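Spelled out from the first residue to the last, the chains are:
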Amino acid sequence: MSNIFIPNPKEAESIHIIREVAAQFEKPVLLFSGGKDSITLVRLAQKAFYPARIPFPLLHIDTGHNFPETIEFRDQLVAELGLELIVRNVQDAIDQGKVREEKGRYSSRNTLQTTTLLDAIEEFKFDACIGGARRDEEKARAKERIFSVRDDFGQWDEKNQRPELFDMLNGRIHQGQNVRVFPISNWTELDVWEYIKTEKIKIPSIYFAHKREVFMRDGMIWTANEHVYREQHEQVLEEMVRFRTVGDMTCTAAVFSQAETLDAVVEEIRASTISERGARIDDKRSESAMENRKKVGYF
């Protein structure tokens, strides 16, 4: 019997969503962090429009405290694929007095990204922002629709979400509104990793186990870096770690790991009983940390 091609239904759904964005909106953009989810979105967008190029730009909101490996990977990917990249910097908002730098033990620029993102949406008049959020990440994410409407101020109201029936996606918005679009909303973390493995997608090196200077606080593994607040008694150690999620280094914890290959990472995720958001330090501030940030315009 000849080999039978079995399509990936989640890939097909995501490609359909991305094509709907291009069909229904005038100025879409793909929000790109350099993490595995946004990298997966780039591959899906490539497939959606092949052999043409991706017809919308990538937007990176740079906190200035990103992992160097992620920025290096971002620039290599954009150059390799000939993509348009827009970068807007949180430091500019700080310099302009729009936001105030946090200080102290849990200081981070992660929440400051919201102002820079909303400014970029207004600057370029983007009406649809494609992102890599998934419903399995966190309870606030689970409330999102695939086409999630934001009001004139970029705010999200979890009690005012549109119904989505089957594959009917409603892109109609009022003047001033915009939509956040989540093509891989129905994927799990394991789905993403298995897709990366199947597609042989390149990813930043920090996703693999490597030796890194870190310190322990609150049972979490923090990166030892000039941008990360550390008290004198918190000892710097060199440990074998990797990152399950990639964000601002001030709010992204590492995990102990020996997974140096993609196969090993997939098996590690398959065996894990802890959500990847368990390594996001900013989610520890309160039970509703993510939901509160989304209400004021966070991705």
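The numbers attached to residues start from 1 for each chain and follow its sequence in the written order. Local features are withheld for residues below a pLDDT of 70 in this predicted model, meaning they are given only at 70 or higher, and side-chain atom pairs are given and counted only at 80 or more; totals for whole chains, interfaces and linings count all residues. The side-chain numbers reported here are obtained from all heavy atoms of the structure, hydrogens and water having been left aside.

Quick look at the overall build of the chain now. Elements are defined by DSSP. Helices are runs of H or I of four residues or more, strands are runs of E of two residues or more, and each kind is numbered from the N terminus. When helices and strands are counted, the chain shows 9 helices and 10 strands. Per-residue accessibility, obtained with a 1.4 Å probe over protein chains only, is compared with the maximum for each type, and a residue is labelled buried under 20%, exposed over 50%, and partly exposed between these values. Across the 299 residues that make up the chain, the buried fraction comes to 52%. When checking whether two residues touch, look at their non-hydrogen atoms; a contact exists if any pair is within 4.5 Å. Contacts in the chain between residues at least 24 apart in sequence constitute 73% of all its contacts with a sequence separation of at least 6. Split by element, the accessible area of the chain, about 14900 Å² in all, is 50% carbon and sulfur. The method behind every accessible area is Shrake-Rupley, applied with a 1.4 Å probe, and residues are considered shielded solely by the protein chains displayed.

Here we come to the environment of Thr223. Secondary-structure assignment places Thr223 in strand 8 (residues 220-223). Looking at Thr223, the relative accessible area reads 4%, which means it is buried. A C-alpha to C-alpha distance of 8.1 Å links Thr223 and Thr252, two positions 29 residues apart in sequence. Among residues more than four places away in sequence, those in contact with Thr223 are Phe67, Arg212, Glu213, Phe215, Val228 and Phe243.

In the contact formed by helix 7 (residues 189-199) and helix 8 (residues 262-271), the axes pass within 10 Å of each other and the chain directions differ by 165 degrees. Considering the angle they form, helix 7 stands roughly antiparallel to helix 8. Along this stretch, helix 7 crosses helix 8, giving a crossing that reads as left-handed. Contacts between helix 7 and helix 8 involve Glu189, Leu190, Trp193, Glu194, Ile196 and Lys197 from the first element and Leu262, Asp263, Val265, Val266, Ile269 and Arg270 from the second. For this classification, Asp, Glu, Lys and Arg are treated as charged, while Ala, Val, Leu, Ile, Met, Phe, Trp, Tyr, Cys and Pro are nonpolar and the rest, including Gly, are polar. Class assignment of the residues belonging to the contact of helix 7 with helix 8 gives a composition of 7 nonpolar, no polar and 5 charged. The axes are straight lines fitted to the C-alpha atoms, using for helices just the contacting stretch, and the angles between their N-to-C directions are given from 0 to 180°. Should an angle fall under 35 degrees it is called roughly parallel, over 145 degrees roughly antiparallel, and 65 to 115 degrees roughly perpendicular, with every other angle called oblique. Here a crossing is taken to be left-handed if its near helix is turned anticlockwise relative to the far helix by less than a right angle, and right-handed if that turn runs clockwise.

The strands that make up a sheet are held in pairs by hydrogen bonds between backbone atoms, and each pair lies either parallel or antiparallel. Strand pairing requires that DSSP identify at least two bridges connecting the strands. Strand order across the open sheet formed by 6 strands is 3-2-1-4-6-5, with mixed pairing between neighbours. Both edges of this open sheet fall to strand 3 (85-89) and strand 5 (147-150), since each of them pairs with a single strand only. Looking at each pair of strands side by side, their axes are set apart by 30 degrees on average, direction ignored. Pairing of strand 2 (residues 58-62) with strand 3, which is carried by 5 bridges, proceeds in the parallel orientation. Looking across to strand 3, one finds that Leu58 is bridged to Leu85. Of the strands in this sheet, strand 2 and strand 3 touch helix 3 (residues 68-81), which is tilted by about 165 degrees from strand 2.

Before going further, it helps to spend a moment on the sheet that holds strand 8. In space, the 4 strands of this open sheet follow the order 8-7-9-10, with antiparallel pairing throughout. With one partner strand each, in any of the chains shown, strand 8 and strand 10 (255-256) form the two edges of the open sheet. Sheet topology note: the strand 7 (residues 210-217)/strand 9 (residues 237-242) ladder contains 5 bridges and is antiparallel. Bridge pairing in strand 9 links Lys211 to Met240.

Attention now moves to the side chain of Arg244. Relative to the helices and strands, Arg244 is located in the loop between strand 9 and strand 10. At 3.2 Å, the side chain of Arg244 forms a polar contact with the side chain of Ser272. Throughout this description, a polar contact denotes any pair of N or O atoms lying within 3.5 Å of each other; where both atoms belong to protein, one of them has to be capable of donating a hydrogen while the other can accept it, and for residues adjacent in sequence the pair is counted only when both atoms sit in side chains.

Attention now moves to the pattern of salt bridges. Here, a salt bridge means any side-chain nitrogen of Lys or Arg that lies within 4 Å of a carboxyl oxygen of Asp or Glu. In the structure shown here, the tally under the stated rule is 23 salt bridges. Of the charged contacts in the structure, one is a salt bridge between Asp75 and Arg74, with a shortest N-O distance of 2.9 Å. For the salt bridge of Glu189 with Arg244, the shortest nitrogen-to-oxygen distance reads 2.6 Å. Of this pair, Glu189 sits in helix 7 while Arg244 sits in the loop between strand 9 and strand 10, and the two are 55 residues apart along the sequence. Residues Glu189 and Arg244 agree in their burial class; the two are buried.

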